[in-house]
Amino acid sequence: MILYAISDIHLDYAENRDAFESLSEYPDDWLILAGDIANTESHLRFALDIACRRFAGVIWVPGNHDLWIRSDSGMSGSVEKYESMVELCREFGVLTPEDPYVSWGEGEAKHILAPLFLLYDYSFRPDDVSEEEAIAWAMEEGILCRDEALLKPAPYSSKQAWCRARIEYSKKRLSEVSGPSPIVLINHFPLRQDLIRLRKIPRFSIWCGTKETESWHTEFPVSVVVTGHLHMRATDYRDGIRFEEVSLGYPRQRNQEIEFKDFLREILPGPKEKFYLNEGPFWRWEG
Ligand SMILES: [Fe+2]
Ligand SMILES: [Fe+2]
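It should be emphasised that the depicted structure is a prediction, and the values quoted were computed from it without experimental measurement.

Q: Would you mind showing me how to read the coordination of the iron ion (ligand 2) here?
A: Note on metal geometry: ideal angles are 109.5 degrees for four donors arranged tetrahedrally and 90 or 180 degrees for six donors arranged octahedrally. Only Asp-36 (OD), Asn-64 (OD1), His-188 (NE2) and His-229 (ND1) from the protein reach the iron ion (ligand 2) as donors, at distances of 2.2 to 2.3 Å. Here the iron ion (ligand 2) binds four donor atoms, and the angle range of 89 to 159° at the metal identifies the geometry as irregular. Donor residues for the iron ion (ligand 2) sit on one chain with the sequence pattern D-x27-N-x123-H-x40-H. Here the iron ion (ligand 2) and the iron ion (ligand 1) are spaced 3.6 Å apart, with Asp-36 acting as a shared donor. One end of the pair, His-188, is in the loop between strand E6 (183-186) and helix H7 (216-219); the other, His-229, is in the loop between strand E7 (222-227) and strand E8 (234-238), and 41 residues separate them in sequence.

Below, the structure written as structure tokens:
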């Protein structure tokens, strides 16, 4: 029984849909889909349908691309879209950040799986740049995330306000977890700024998370943190806790000779010894 994770499968790309469909069956194992699965409901349905037929259990959290609102979406904003995606997941029995956390594994190997949706608040910026100046600061280097046009937080007044509400909701729920089992935190966005290594576009960091979660891995009894968003596959450790970045990424960013199954990251039981990873051959972000 293995808990696998992958994120950023971006099924809007036919190559990624074909690759995902190529997965064989893992009847005893679970799969975490850690956001940026698809822009459209039909592609999310495609993902959930395949994942649920191949795996014993599936967990989903949203990424920023999942929340994009296009003019033909017929939705009032990203909050409504998020709620409709949660409903779709429930149709398939897929766990979301709105469901009770589940325990996974047996005996001493038992863990609590906590899917989160925390968003970002532009706080991954230098101290001398204010929140109001953050986007202009990124744009000085020609960087502007498409979320600024397509991620619409209404009825929240801003993405920061939505992020704050998500942090409060998640913190309260995590603080209510009791018992000896450690928690696996699952979120699309990285929880710590020091895990972001976007060497070519460092100012993209403002769209990558919130400083509010910097110490959640020690504040709560956490064993592993699973995230995506960076398209920068890695395994890191902070304070002895394992942080897994599990992105697949766009077709142009990955080595097409590597099969999709080899991009599935084993979260649990996980490596027996500390294992650092920065998957060069998988990854082409640096050109
Ligand atoms: Fe992505
Ligand atoms: Fe993302």
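Q: I tried to follow the nonpolar core on my own but got confused; where do I start?
A: General note: in soluble globular proteins, nonpolar side chains tend to be found buried as a group. Grouped together as the largest cluster of nonpolar side chains are 76 residues, with contacts concentrated most on Phe-20, Leu-33, Trp-60 and Leu-185. Among the elements that make up this core, the one with the highest residue count is helix H3 (residues 78-92) (six residues). In this structure, Trp-60 is in contact with Leu-33, Ile-37, Leu-44, Tyr-82, Met-85, Val-86, Cys-89, Val-94, Leu-95, Thr-96, Pro-97 and Pro-115, ignoring residues within four places of it in sequence. Trp-30, Ile-186, Ile-267 and Leu-268 belong to the second largest nonpolar core, which has 17 residues in total.

Q: I tried to follow the coordination of the iron ion (ligand 1) on my own but got confused; where do I start?
A: Those donors, Asp-8 (OD), His-10 (NE2), Asp-36 (OD) and His-231 (NE2), are the protein atoms that reach the iron ion (ligand 1), and they lie 2.0 to 2.3 Å from it. Classification of the site at the iron ion (ligand 1) as irregular follows from its four donor atoms and the range of 87 to 172° in their angles at the metal. For the iron ion (ligand 1), all donor residues lie on one chain, and their spacing in sequence is D-x1-H-x25-D-x194-H.

Q: When you look at the sheet that holds E7 in this model, what are you seeing that I'm missing?
A: In a beta sheet, neighbouring strands pair by backbone hydrogen bonds and run either parallel or antiparallel. The seven strands lie next to each other as E4-E5-E6-E7-E9-E8-E11, forming an open sheet whose pairing is mixed. Two strands bound the open sheet, and with one partner strand each, they are strand E4 (102-104) and strand E11 (277-278). Here E4 pairs with strand E5 (residues 111-115) via three bridges, running antiparallel. Within E5, the position partnered with Ser-103 by the bridge is Ile-112.

Q: I tried to follow the pattern of salt bridges on my own but got confused; where do I start?
A: Pairs can form between side chains of opposite charge whenever their charged atoms are close. Counted under the stated rule, the structure contains 19 salt bridges. A salt bridge links Glu-148 to Lys-159; the shortest N-O distance between them is 3.5 Å. Taken together, the residues Glu-148 in helix H5 (residues 147-150) and Lys-159 in helix H6 (residues 159-175) connect sequence positions eleven residues apart. Glu-148 sits in the partly exposed class, given a relative accessible area of 29%. For Asp-236, the salt bridge goes to Arg-197, with nearest N and O atoms at 3.0 Å. Here Asp-236 is found in strand E8, whereas its partner Arg-197 is found in the loop between E6 and H7, with 39 residues between them in sequence.

Q: What am I meant to see in the side chain of Ser-181 here?
A: Locating Ser-181 in the fold gives a position in the loop between H6 and E6. Given a relative accessible area of 10%, Ser-181 falls into the buried group. In this structure Ser-181 touches Lys-110, His-111 and Ile-112, once residues within four positions along its chain are discounted.

Q: What exactly am I supposed to notice about H3 here?
A: Since the α-helix advances by 3.6 residues per turn, residues separated by three or four positions end up pointing in the same direction. Here H3 spans 21 Å end to end across 15 residues, near enough to the 21 Å set by a 1.5 Å rise per residue. Of the surrounding elements, those touching the buried residues of H3 are helix H2 (41-54), strand E3 (55-60), H5 and H6. Downstream of H3 by one or two residues, Gly-93 has phi in the positive range, about 75°.

Q: Sorry if this is basic, but what is going on with the packing of helix H1 (residues 14-21) against H2 here?
A: A pair of packed helices is captured by two measures, namely the crossing angle of their axes and the spacing between those axes. At a minimum axis separation of 10 Å, H1 and H2 run at an interaxial angle of 15°. Relative to H2, the element H1 lies roughly parallel. The handedness of the crossing between H1 and H2 comes out as left-handed. Residues Arg-17, Phe-20 and Glu-21 of H1 touch H2, and the partners they reach there are His-43, Phe-46, Ala-47, Ile-50, Ala-51 and Arg-54. Along the lines of polarity and charge, the residues of the contact of H1 with H2 split into five nonpolar, one polar and three charged.

Q: Just checking my understanding: could you explain the environment of His-111 for this structure?
A: Looking at where His-111 falls in the secondary structure, it is placed in strand E5. Residues His-111 and Pro-221, 110 residues apart in the sequence, show an inter-C-alpha distance of 10 Å. In contact with His-111, not counting residues within four places along its chain, are Val-102, Ser-103, Trp-104, Ser-181, Pro-182, Val-184, Ser-223 and Leu-268.

Q: Quick question: what am I supposed to make of the sheet that holds strand E2 (residues 26-33) here?
A: Spatial ordering of the open sheet is given by E3-E2-E1-E10, a layout of four strands whose pairing is mixed. With partners counted over all chains shown, the strands left at the sheet margins are E3 and strand E10 (265-268), one partner each. Averaged over neighbouring strand pairs, the angle between their axes works out to 30° when direction is ignored. Bridge analysis of E2 against E3 gives five bridges, and the strand direction is parallel.

Parameters and conventions
- Residues numbered from 1 in each chain as written.
- Chains lettered and ligands numbered in written order.
- Predicted model: local features only at pLDDT ≥ 70, side-chain atom pairs only at ≥ 80, totals over all residues.
- Heavy atoms only, no water.
- Donors = N, O, S within 2.8 Å, 3.2 Å for Na, K, Ca; no water.
- Tetrahedral: all angles 85-135°; square planar, octahedral: opposite > 155°, others 65-115°.
- Helix = DSSP H or I, 4+ residues; strand = E, 2+ residues; numbered from the N terminus.
- Core = buried A, V, L, I, M, F, W, Y, C linked by side-chain atoms within 4.5 Å.
- Buried < 20%, exposed > 50% of the residue type's maximum accessible area, 1.4 Å probe, protein only.
- Contact = heavy atoms within 4.5 Å.
- Pairing = 2+ DSSP bridges.
- Salt bridge = Lys/Arg side-chain N within 4 Å of Asp/Glu carboxyl O.
- Expected span 1.5 Å × (residues − 1).
- Axes fitted to C-alpha atoms, helices over the stretch in contact; angles between N-to-C directions.
- Parallel < 35°, antiparallel > 145°, perpendicular 65-115°, else oblique.
- Left-handed = near helix turned anticlockwise from the far one by under 90°.
- Nonpolar A, V, L, I, M, F, W, Y, C, P; charged D, E, K, R; others polar.

Taken by themselves, the reported measurements are silent on function.
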